[in-house]
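Report on the structure
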Number of protein chains: 2
Amino acid sequence: MKAAIIGGGVIGSGWAARFLLHGWDVNFFDPNPAAHTKAQQTIAQARLSLTTLYDASSLLEGELRFCASEAEAVVGAQWIQESVPEQLSLKQAVLERLNSLASADAIVASSTSGFKPSVLAQRLSNRDDQARTLVCHPFNPVYLLPMVEVVASKFTNPQVVERAEQWLLGINMKPLRVRKEIDAHIADRLLEAVWREALWLVKDDVATTEEVDRVIRDGFGLRWAQMGLFETYRIAGGEAGMSHFLEQFGPALQWPWSRLTDVPELGPELIAKITSQSDAQSGHETIAQMEARRDRNLVAILQGLAEQNMQ
Amino acid sequence: MKAAIIGGGVIGSGWAARFLLHGWDVNFFDPNPAAHTKAQQTIAQARLSLTTLYDASSLLEGELRFCASEAEAVVGAQWIQESVPEQLSLKQAVLERLNSLASADAIVASSTSGFKPSVLAQRLSNRDDQARTLVCHPFNPVYLLPMVEVVASKFTNPQVVERAEQWLLGINMKPLRVRKEIDAHIADRLLEAVWREALWLVKDDVATTEEVDRVIRDGFGLRWAQMGLFETYRIAGGEAGMSHFLEQFGPALQWPWSRLTDVPELGPELIAKITSQSDAQSGHETIAQMEARRDRNLVAILQGLAEQNMQ
């Protein structure tokens, strides 16, 4: 099996690492040659993490090839993953080119966190191209986090979606088929809501970036790593049940608990405040050190959960 | 040391377990005798979790006493924790009574997730009572999750806050002093934002309760259990830095990524939908089974993170 990774930033490199370490050959293309170094660092980091997480002997590594063009990268690839910057016209143009270059049986997937697949595919003139194009939105670090949102456009062939999910399961991911196209799918809608409220908290001097992070990390983040929102609230409701809980909770939604109608203006002042707080919080580490810390923690969590679930 | 636990629901029982298993004597009062059984179950569950998490021999268990009245419960208690239902006038009345009963050097803390401490304390006629009253808002399960939001009112004596934090550190919690009084403090503002958006997703048939939970659990929940929001975004920004990331992110806040201005109506129809989806998702387990699963997972995560941080 061969995957073509088009666009080699954090997400593209993460995809490359995940495919590669699950036995796929990977053709990698990014117009910026500096991306190659970063991709190799990401893959080394992923190798370290995955050999700790899994039985190392079970990992069959594929072959990595840095390609000089999109055309070279897609040759022989069953899976083509687009991870270029989040700009609609750019993504549309890249997907059009990739489709024109891809072999007939290839799947063309976009990593977009925000755009609807039907909007991405609307410029494709060829029906067959539209039929094999879909969204597969992963989470950073792609080589460790199992979730991937799979979103079909109104043109996508259901068999393509089926095949995509099978292949994603094969690289140890947990695909979630999103029922409806919607801007930002599911995850980024939730994240956006938190992000907006967090910006208000920092802007209004209720909390610093570090304090927001601490509340999340040592509080509800620990719950969410192993149960979601609804199961947590189901427990909170106790034996009286979910509907009882919801009936009690309902009125609270009318309380002034968040800055409902306002979007904070992310102007120079707020940007400077967040940046300096973030520097104070994490500036003693390089990004690479933070990534390594994150990955060690994720491996520890995933390992702990896996052992727990085997018992 | 002795703690008086007033109100023995999920939160009160969790406080009782945490104090007790860290060597405090606990006087427990709830007007409903059925709360005693539930508290004992919670303590048994906590004992199981904490003896797995810590060196069992390091846990010195205090003595638990079920009391017949508030007056009996507060005798000799240095810490009085109010965890009655989230109704303002009820909490105000209980805090007034507890203050009138407490010994002079006791701290009186409320578990409120929503009310500002100055509002809770405004009815207290005695300045000394106002000075020793504050909010200590924990997270369920209280005996496992380390976060507690500590919020002083405008009347609270800073030395009381200081002492409260020292004692919370002593029972292995990670107190966060909240800088400003604000409805719902920090955590529940963030949670409320996610909750509102999640209700929309279910109402609009974009996702079921289980799908929302999966996206959280297998996606960003894993990130948040070991880093918060801002550190995650700092990494996403890469070496270009936080301000570069924010400048790029800014415009996205204006996109239609969430149902900004609307609060979903949590009427009978939506309640029925969520309840039936939640039953389909988790109805095969009792709440006790779900709690046990949650706690095993939390222990595994906390253990994994602790081992990681010792290396």
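Keep in mind the model is a prediction, meaning the values are calculated, not measured.

Each value, and the rule that gives it
Within each chain, residue numbers correspond to sequence positions counted from 1 in written order. Each chain is given a letter, starting from A, and each ligand a number, starting from 1, according to the order in which they appear as written. For this predicted model, a pLDDT threshold of at least 70 governs which residues receive local features, and a threshold of 80 or more governs which side-chain atom pairs are given and counted, while totals over whole chains, interfaces and linings are taken from all residues. Starting at the N terminus, helices and strands are each numbered in turn, a helix being any DSSP run of H or I of at least four residues and a strand any DSSP run of E of at least two. Each residue is classed by its C-beta neighbour count within 10 Å, where at least 20 other C-beta atoms makes it buried, 12 or fewer makes it exposed, and intermediate counts make it partly exposed; the C-beta atoms are placed from backbone geometry. We call two residues in contact when the distance between their C-beta atoms, placed using the backbone, is within 7 Å. A least-squares superposition brings the copies together, and it is based on the C-alpha atoms of residues with pLDDT no lower than 70 in both. Here the axes come from fitting lines to C-alpha atoms, over the contacting stretch only for helices, and the angles between their N-to-C directions go from 0 to 180 degrees. Angle categories are assigned with fixed cut-offs, so that under 35 degrees is roughly parallel, over 145 is roughly antiparallel, 65 to 115 is roughly perpendicular, and the rest are oblique. Note on convention: near helix rotated counterclockwise from far helix by under a right angle means a left-handed crossing. Clockwise means right-handed. Only Asp, Glu, Lys and Arg are considered charged, only Ala, Val, Leu, Ile, Met, Phe, Trp, Tyr, Cys and Pro nonpolar, and every remaining residue, Gly among them, polar. In this description, a nonpolar core means buried residues of the types Ala, Val, Leu, Ile, Met, Phe, Trp, Tyr and Cys, linked to one another by C-beta atoms lying within 7 Å. In short, DSSP must find at least two bridges between two strands for them to pair. Note on handedness: a crossover is taken as right-handed if, strands pointing away from the viewer, the path from the first strand over the helix to the second is clockwise. Domain boundaries shown here were taken from an automatic or database domain assignment. Take the residue count of a helix, subtract one, and multiply by 1.5 Å to get its expected span. It is the directions from the helix axis to the C-beta atoms that the arc portrays.

**Regarding the overall build of chain A**
When you go through chain A residue by residue, the secondary structure sums to 13 helices and eight strands. Dimensions of chain A, computed from C-alpha atoms along their principal axes, come out at roughly 55 × 50 × 40 Å. Across the 311 residues in chain A, those meeting the buried criterion constitute 53%. In chain A, 72% of the contacts between residues at least 6 apart in sequence involve partners at least 24 apart.

**Quick word on the relation of the copies chain B and chain A**
Copies of the same chain, two in number, are related to each other by a rotation about an axis and a translation along it. With an RMSD of 0.0 Å, the operation that places chain B on chain A is a rotation of 180 degrees combined with a shift of 0.0 Å along the axis. Given the turn and translation reported, the copies of this chain are related as if by a two-fold rotation axis. When the interface residues of chain B are mapped onto chain A, 99% of them are again interface residues, pointing to one common binding face.

**Quick look at the packing of helix H1 (residues 10-21) of chain B against helix H2 (residues 34-53) of chain B**
Helices that pack against each other are described as a pair by the angle of their axes relative to one another and the distance between those axes. Residue and element names in this part refer to chain B. Their axes nearest at 9 Å, the elements H1 and H2 cross at an angle of 50 degrees. Considering the angle they form, H1 stands oblique to H2. Crossing handedness for the pair H1 and H2: right-handed. Where H1 approaches H2, its residues Ser13, Gly14, Ala16, Ala17, Leu20 and Leu21 are matched on the opposing element by Lys38, Ala39, Thr42, Ile43, Ala46, Arg47 and Leu50. For the contact of H1 with H2, the class distribution of residues is eight nonpolar, three polar and two charged.

**Quick look at the nonpolar core**
Among the nonpolar cores identified, the biggest contains 182 residues, and Ile80 of chain A together with Ile80 of chain B are the most heavily contacted of them. Not counting residues within four places of it along the chain, the set of residues in contact with isoleucine 80 of chain B comprises Ala4, Ile6, Val74, Leu98, Ala102, Ala106, Ile107, Val108 and Ala109 of chain B.

**Considering the sheet that holds strand E2 (residues 25-29) of chain B**
All names here are of chain B. Taken together, eight strands build an open sheet; the order of strands is E3-E2-E1-E4-E5-E6-E7-E8 and the sheet is mixed. Among the strands making up the open sheet, the edge pair consists of strand E3 (64-66) and strand E8 (174-177). For this sheet, the mean angle separating the axes of adjacent strands, direction not counted, is 25 degrees. When strand E1 (residues 2-6) meets strand E4 (residues 79-82), the two strands line up parallel, connected through four bridges.

**A few points about the sheet that holds strand E2 (residues 25-29) of chain A**
Through backbone hydrogen bonds, the strands of a sheet pair up, either in parallel or in antiparallel fashion. Residue and element names in this part refer to chain A. Read across the open sheet, the eight strands follow the order E3-E2-E1-E4-E5-E6-E7-E8; overall the sheet is mixed. In this open sheet, the two strands that pair with only one neighbour each are strand E3 (64-66) and strand E8 (174-177). On average, each strand axis in the sheet is tilted by 25 degrees relative to the strand beside it, whichever way the strands run.

**Looking at the pairing of strand E4 (residues 79-82) of chain A**
Burial of E4 of chain A is two-sided: the residues Trp79 and Gln81 of chain A facing one way and the residues Ile80 and Glu82 of chain A facing the other way are all buried. Regarding the hand of the β-α-β motif, the stretch spanning E4 of chain A, helix H4 (residues 88-101) of chain A and strand E5 (residues 107-110) of chain A is right-handed.

**Some remarks on the interface of chain B and chain A**
Listed as interface residues are 92 residues of chain B and, on the opposing side, 92 residues of chain A. Looking at the side of chain B that touches chain A, the elements that each hand over two or more residues are strand E7 (147-152), E8, helix H8 (187-203), helix H9 (209-224), helix H10 (229-237), helix H11 (242-249), helix H12 (268-282) and helix H13 (287-310) of chain B. Residue classes in the side of chain B that touches chain A are distributed as 48 nonpolar, 20 polar and 24 charged.

**Remarks on the domain arrangement of chain A**
Residue and element names in this part refer to chain A. With domains assigned, chain A is organised as domain 1 (2-177) and domain 2 (187-310). The gap between the C-alpha centroids of domain 1 and domain 2 is 28 Å. The interface of domain 1 with domain 2 comprises nine residues on the first partner and nine residues on the second. Among the elements that take part in the side of domain 1 that touches domain 2, helix H2 (residues 34-53) stands out by supplying four residues, more than any other. A per-class count over the side of domain 1 that touches domain 2 returns three nonpolar, five polar and one charged.

**Quick notes on helix H12 (residues 268-282) of chain A**
Residues and elements named next belong to chain A. The end-to-end C-alpha distance of H12 is 21 Å, a good match for the 21 Å that 15 residues give at a rise of 1.5 Å each. Taken residue by residue, H12 has Ile274, Thr275, Ser278, Gln281 and Ser282 as its buried positions. Each buried residue of H12 lies within a common arc of 125 degrees when the element is viewed along its axis, so the set occupies one face. Those residues of H12 that are exposed and angled more than 90 degrees off the buried face are Pro268, Glu269, Ala272 and Ala280.

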